[in-house]
Every structure is written in structure tokens, then in C-alpha cells.
Amino acid sequence: MRHAYRRHAVLRGVDLRLRPGTLCGIVGENGAGKSTLLKVLAGELRPTSGTVRHGGRFGYCPQHVILNDALTVRQHLMYFRTAYRLADLRYAEEVMEVLGLTGYADERTGALSGGTRQKLNLTLALMHDPRVLLLDEPYQGFDWDTYQRFWDLAGRLRDAGRSVLVVSHLAYDTGRLDELWRLARGRLRPEGEGAAA
Ligand SMILES: Nc1ncnc2c1ncn2[C@@H]1O[C@H](COP(=O)(O)OP(=O)(O)OP(=O)(O)O)[C@@H](O)[C@H]1O
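Below is a summary of the structure that appears in this document. Note on numbering: residues in each chain are counted from 1, in written sequence order. Residue-level local features of this predicted model are given only where pLDDT is at least 70; pairs of side-chain atoms are given and counted only at 80 or more, and the full residue set underlies all totals for whole chains, interfaces and linings.

**Considerations on the overall build of the protein chain**
Move 1: Each helix is a run of H or I in the DSSP string that is no shorter than four residues. Each strand is a run of E no shorter than two, and both are numbered from the N terminus. Helix and strand content of the protein chain: 5 helices and 8 strands.
Move 2: Each helix (α) and strand (β) of the protein chain, taken in turn from the N terminus, gives the series β-β-β-α-β-α-α-α-β-α-β-β-β.
Move 3: In terms of overall dimensions, the protein chain has C-alpha extents of about 45 × 35 × 30 Å along its principal axes.
Move 4: For every residue, the other C-beta atoms within 10 Å of its own C-beta are counted; 20 or more classify it as buried, 12 or fewer as exposed, and values in between as partly exposed. C-beta atoms are placed from the backbone. Burial status across the protein chain gives 34% buried among its 197 residues.

Structural data, given as C-alpha cells:
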């Protein structure tokens, strides 16, 4: 699959298969095209050539938080509950609990800290329990404890058969990943040591 912004070719031949029950990481320098790749995978951008196929519903956590500052955390959840057609918010509440967001349910989003906004951003991407998770810098702004809880959650979702793709410019905790790729010069290559497979 390829993608170019006008004449600027960013993805020059990316072939990626996200298998169920896999925790996959993609790293790359600033501007390597990681966010572009996720936008193409999520259908936000159309590839210049090639195709993207989904085996089930997916959850996309964009790098830049898109929240309505005037609404509370709970109002965001209610809005997304309708959009996702969920019977209830039980699973969303579990995710909030794991991320330490529960106590902020009635706060106006505009008054939240950056890391707390990111917790909500991630909760909105996960609350419909998607089969495929496309996460762009999902732990930006997280404190250490939340960061660890994020990886524990990602591992549990992988064990439950979900495909989890985490994109970051930092290759931390590579031992937790089943696959690790580096995006450079528009192509994906397996990243050396550290990845289990
Ligand atoms: N909407 C756009 N129009 C034109 N060029 C763009 C657009 N979005 C991104 N680019 C360019 O595409 C390249 C890849 O950008 P992208 O945001 O995908 O990189 P990234 O790997 O996610 O970077 P970072 O680690 O800084 O978030 C950059 O050169 C960027 O300037």
C-alpha cells in the first residue's frame, strides 16, 4: 500500500498483516509516516494505491485528541455509546477504571490535564471492545503507573484475541510486543532484537 500527499510520497510500499491475538509495535522517527499509516488503516485517508481490509470492527485512537471541551467525560461516553450502538457502558467503565479515569466522570473535558484527556481519548477508542486496535502514541502524557496499566491492558486484549497495533516514536518495552517494525523511508522493516517474534 502507498500514500502520497500530492507529490510527497510518505508510504512507499507498506505490506502489513495484523493477525488476531498479536501485539504489534511500529516505531519510526518524527515525520516517518506513522500517523499517515494509521490514518490509512483507519480509513481516514485513502491510499494512493493498494487496499486495506478489516476482519472486524476496529478502534482508532488518533494522535491528536478530538474532544469537545464543553462536555464532561460522562457526556463523551454517552455520545460514543450512541455512535457505537452499545447496550450499556459496563466495558467502558472497566477501561476507565484500569486507566484511572473513573474519578473524572463529571469533569468538563476542557478542565482536564493533558494525560487525563489522553485517558479519555483512549477510552473512546476501546469502549466498544474492537477486534482491531489502531493506537497512535496512546500513552503520550501518561504517568508511569498509567503507562504500566496501559501495557497490561494491551496484553490482556491481545490474550483475548484482539489485534493491537501501537505506534510510537519511542521503542520502549519492546519485550511486551510480539512483533516490532520500524517505518523508515516509506517502508516497514523488522526491528532487530527485543521483539519476541
Ligand atoms: N495533511 C498533510 N499534508 C501534507 N503533508 C503531510 C500531511 N500530514 C503529514 N504530512 C507529511 O507526511 C510526513 C509523515 O507525517 P506523519 O505525521 O505521518 O509522521 P509521523 O511518523 O507520525 O511523525 P511524528 O512522530 O512526528 O508524529 C511528514 O513529512 C509530514 O510533513
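**Thoughts on the site of the ligand**
Move 1: Think of it this way: take the backbone, place a C-beta atom on it, and check whether that atom is within 6 Å of the molecule or strand, in which case the residue is near it. The immediate surroundings of the ligand are formed by 13 residues, with Y5, N30, K34, S35 and T36 found nearest.
Move 2: For the shell around the ligand, the secondary-structure elements that each account for two or more residues are β2 (8–12) and α1 (34–42).

**Describing the nonpolar core**
Move 1: Counting 45 residues, the largest nonpolar core has L37, L133, L134, L135, V164 and L165 as its most contacted members.
Move 2: For this core, the element with the most residues is helix α4 (residues 114–126), which contributes 5 residues. To count as a nonpolar core, a set of buried Ala, Val, Leu, Ile, Met, Phe, Trp, Tyr and Cys residues must be joined through C-beta atoms within 7 Å.

**Some details on the environment of A184**
Move 1: Turning to its location among the elements, A184 is positioned in strand β7 (residues 179–184).
Move 2: The exposure class of A184 is partly exposed, given the 14 C-beta atoms found within 10 Å.
Move 3: Note on contacts: each residue gets a C-beta atom placed from the backbone, and two residues are in contact if those atoms are within 7 Å. In contact with A184, not counting residues within four places along its chain, are G28, A32 and R189.

**A word on helix α5 (residues 144–159)**
Move 1: An expected span of 1.5 Å times one less than the residue number is assigned to each helix. Compared with the 22 Å implied by 1.5 Å per residue over 16 residues, the 23 Å span of α5 between its first and last C-alpha is a close match.
Move 2: What α5 keeps buried is the set F150, A154, L157 and R158. Taken down its axis, α5 places every buried residue within 100° of arc, on the same side. Looking at α5, the residues exposed on the side facing more than 90 degrees away from the buried face are W144, D145, D152, R156 and D159.
Move 3: Buried residues belonging to α5 abut β3 (22–27), β5 (132–136) and β6 (163–168).
Move 4: G161 lies just past α5 and shows a positive phi near 95°. The directions from the helix axis to the C-beta atoms form the arc being described.

**Let's talk about α1**
In an α-helix, one turn spans 3.6 residues; hence positions three or four apart end up facing the same way.
Move 1: Turning to α1, its buried residues are K34, T36, L37, L38, V40 and L41.
Move 2: In the core, the buried residues of α1 are packed alongside β1 (2–5), β2, β3, β5, β6 and β7.
Move 3: Positive phi appears at G43, one or two residues downstream of α1, with a value of about 85°.

**Here's the deal with the pairing of β1**
Move 1: Direction of pairing for β1 relative to β2: antiparallel, over a ladder of 4 bridges. Among the inter-strand pairings, A4 is bridged to a residue of β2, identified as A9.
Move 2: Note: two strands are recorded as paired if DSSP finds a minimum of 2 bridges between them. Here β1 folds back onto β2 in antiparallel fashion, the turn holding 2 residues, of which R6 has a positive phi close to 50°.

**Side note on the environment of D159**
Move 1: Its location among the elements puts D159 in helix α5.
Move 2: Using a count of 10 C-beta atoms within 10 Å as the deciding quantity, one classes D159 as exposed.
Move 3: Counting along the chain gives 98 residues from D159 to C61, while the straight-line C-alpha distance between them is 20 Å.

**A closer look at the sheet that holds β6**
Remark on secondary structure: sheet strands pair via backbone hydrogen bonds, oriented parallel or antiparallel.
Move 1: Read from one edge of the open sheet, 6 strands run β4-β5-β6-β3-β7-β8, paired in mixed fashion. In this open sheet, the two edge strands, each paired with only one partner strand, are β4 (58–61) and β8 (187–190). Strand-to-strand twist of the sheet, defined as the mean angle between neighbouring strand axes without regard to direction, takes the value 20°.
Move 2: The pairing of β7 with β8 spans 4 bridges and is classified as antiparallel. Helix axes are fitted only over the stretch in contact, all axes being lines through C-alpha atoms; the angle between N-to-C directions runs from 0 to 180 degrees.

**Structural notes on the pairing of β3**
Move 1: In terms of burial, β3 is largely enclosed, as 5 of its 6 residues are buried.
Move 2: Bridge count for β3 against β6 is 6 bridges, and the pairing is parallel. The residue bridging I26 from the neighbouring strand is V167, located in β6.
Move 3: As paired elements, β3 and β7 share 4 bridges and run parallel to each other. Bridge pairing in β7 links G25 to L180.

Everything listed here is a matter of coordinates, which is why it stays silent on function.
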